[in-house]
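Secondary and tertiary structure notes
Listed here are the chains, written in short residue letters.
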Amino acid sequence: MPRFAILHHRTPSHASKPDHYDLLLEDGDVLKTFTLWEFPRVNEPTEAIPDFDHRLMYLDYEGPISGDRGEVTQADRGSFSWVIREAHQVEVELAGATLVGRLILRLQDSEMPGGGEASSATD
């Protein structure tokens, strides 16, 4: 069964992207990554922004991010199964330490809360 992790990404004050959560879903030899502005809840839709694929090492990583882009700490981890993979919606069944159940992601564009543009270069 593929693995997942949710990392709390605390960014420095000069970053173009505010503090957020990175949802990492194992997909072969990469992690499909989504930016979440809040810690998600199961069985409730969560707005998510697709981000660039990350390396598998981030499933177990906590610490500073290179290039003065802040630091990450694990908020949850476990295994999951894909339920829906579509252009505007992803659903996965999670079996994590904290989250157990269906995570429903409504995929958005790259706009940050308040109308700013998010930059994947900050992750």
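Every value quoted in this text rests on a predicted model; they were computed, and no experiment measured them.

Across its full length, the chain holds zero helices and eight strands. Starting at the N terminus and walking to the C terminus, you meet the elements of the chain as β-β-β-β-β-β-β-β. Each of the 123 residues in the chain was classed as buried or not, and the buried ones make up 43%. If you take every contact in the chain between residues at least 6 apart in sequence, the share linking residues at least 24 apart comes to 49%. Total accessible area on the chain stands at roughly 6300 Å², and carbon and sulfur atoms take up 49% of it.

Bringing the pattern of salt bridges into the picture now. Any two side chains of opposite charge can pair, on the condition that their charged atoms come close. This structure, assessed with the given rule, holds eight salt bridges. Here Asp 60 makes a salt bridge to Arg 77, at a shortest N to O gap of 2.5 Å. Of this pair, Asp 60 sits in the loop between strand S4 (45–54) and strand S5 (63–64) while Arg 77 sits in strand S6 (residues 71–85); the two residues are 17 residues apart in sequence, bridging distant segments of the chain. Arg 77 gets classed as partly exposed once you look at its relative accessible area, which sits at 42%. The shortest N-O distance in the salt bridge between Glu 91 and Arg 102 comes to 3.3 Å. Here the residue Glu 91 occupies a position in strand S7 (residues 89–96), and Arg 102 occupies one in strand S8 (residues 100–107), the gap between them amounting to 11 residues. Of the residues examined, Glu 91 reaches a relative accessible area of 8% and is grouped as buried. Each of Glu 91, Glu 93 and Arg 102 takes part in salt bridges that share partners, so that together they form one network.

Counting residues in each nonpolar core, the largest one holds 16 residues, and the members touching the most others are Phe 4, Leu 23, Leu 25, Phe 34, Val 92, Leu 94 and Leu 105. For this core, the secondary structure elements donating two or more residues are strand S1 (3–10), strand S2 (20–27), strand S3 (30–36), S7 and S8. Every residue in contact with Phe 4, bar those within four places of it in the chain, is listed here: Leu 23, Leu 24, Leu 25, Leu 59, Asp 76, Arg 77, Gly 78, Ser 79, Phe 80, Leu 94, Ala 95 and Gly 96. In terms of nonpolar packing, the next biggest core, distinct from the first, is built from eight residues, Leu 7, Tyr 58, Ile 65 and Val 72 among them.

Averaged over all residues, the pLDDT of the chain equals 90, while 89% of them reach at least 70. Confidence drops under a pLDDT of 50 for residues 114–123, and excluding neighbours within four residues, the segment shows 28 contacts in the predicted structure.

The next thing to look at is the environment of Asp 29. Mapped onto the secondary structure, Asp 29 falls in the loop between S2 and S3. On the basis of relative accessibility, which here comes to 63%, the residue Asp 29 falls in the exposed class. It is 9.4 Å that separates the C-alpha atoms of Asp 29 and His 54, two residues lying 25 residues apart in sequence.

Cut-offs and rules
Residues numbered from 1 in each chain as written. Predicted model: local features only at pLDDT ≥ 70, side-chain atom pairs only at ≥ 80, totals over all residues. Heavy atoms only, no water. Helix = DSSP H or I, 4+ residues; strand = E, 2+ residues; numbered from the N terminus. Buried < 20%, exposed > 50% of the residue type's maximum accessible area, 1.4 Å probe, protein only. Contact = heavy atoms within 4.5 Å. Areas by Shrake-Rupley, 256 points an atom, 1.4 Å probe, with all protein chains shown as cover. Salt bridge = Lys/Arg side-chain N within 4 Å of Asp/Glu carboxyl O. Core = buried A, V, L, I, M, F, W, Y, C linked by side-chain atoms within 4.5 Å. pLDDT = per-residue confidence, 0-100.

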